[in-house]
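# Coordinates in review
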Amino acid sequence: MTIQPPVYEWSATTAQEAETSLEAATNLIDAHLKTLVPGDAYIKSDTRRNALVGLRISLDLGPLLLAINESRVLNDQLDLDIPSDS
């Protein structure tokens, strides 16, 4: 019996969703590695090094950087309104 390889794709719009998607990918890899080497209580590092997988990640931090920049601008504006003790 030949297993047809599935291709998994996730989309995320928040940092939490991105972290959950990465964890799901890691769990899938581990599950398949455990199937490759049944009976092992843990997956050996040489098994991980030699098992071929395809992974493609596209990460857009643009919205997060925009929020960081906006926060910095707002903080700078608030600091200008606060009198200095010096």
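Everything here concerns the structure above.
Here goes a summary of the coordinates provided. Given the structure is predicted, the values throughout are model-derived calculations rather than measurements. (Residues numbered from 1 in each chain as written. Predicted model: local features only at pLDDT ≥ 70, side-chain atom pairs only at ≥ 80, totals over all residues. Heavy atoms only, no water.)

## Things to note about the side chain of Thr47
Put simply, the rule is: Secondary structure follows DSSP: runs of H or I at least 4 residues long count as helices, runs of E at least 2 residues long count as strands, and numbering of each begins at the N terminus. Whether two residues are in contact is decided by their heavy atoms: any pair within 4.5 Å suffices.
With respect to the helices and strands, Thr47 occurs in helix α2 (residues 45–50). Not counting chain neighbours up to four residues away, the residues in contact with Thr47 comprise Leu33, Leu36 and Val37.

## Concerning the packing of aromatic side chains
Test applied: For this analysis, a ring pair means two rings from Phe, Tyr or Trp (six-membered ring only for Trp) whose centres lie within 6.5 Å, classed as stacked if their planes differ by under 30 degrees, edge-to-face if by over 60, and tilted for the remaining angles. Note on classification: 1.4 Å probe, protein chains only; a residue is buried when its accessible area is under 20% of the maximum for its type, exposed when over 50%, partly exposed between these limits.
Scanning all chains against the criterion turns up one aromatic pair. Aromatic side chains Tyr8 and Trp10 sit 6.0 Å apart centroid to centroid with 15° between the ring planes, which places their arrangement in the stacked category. On the accessibility criterion, Tyr8 (41% relative accessible area) is partly exposed.

## Points about the pattern of salt bridges
Just so we agree on the cut-off: Think of a salt bridge as a Lys or Arg side-chain nitrogen and an Asp or Glu carboxyl oxygen that are within 4 Å of each other.
This structure, assessed with the given rule, holds one salt bridge. In this structure, the salt-bridge partner of Asp30 is Arg48, at a minimum N-O distance of 2.7 Å. Remark: Arg48 occurs in helix α2 and Asp30 occurs in helix α1 (residues 15–36); sequence separation between them is 18 residues. Exposure remark for Asp30: the relative accessible area of 17% places this residue in the buried category. The exposure class of Arg48 is partly exposed, given its relative accessible area of 41%.

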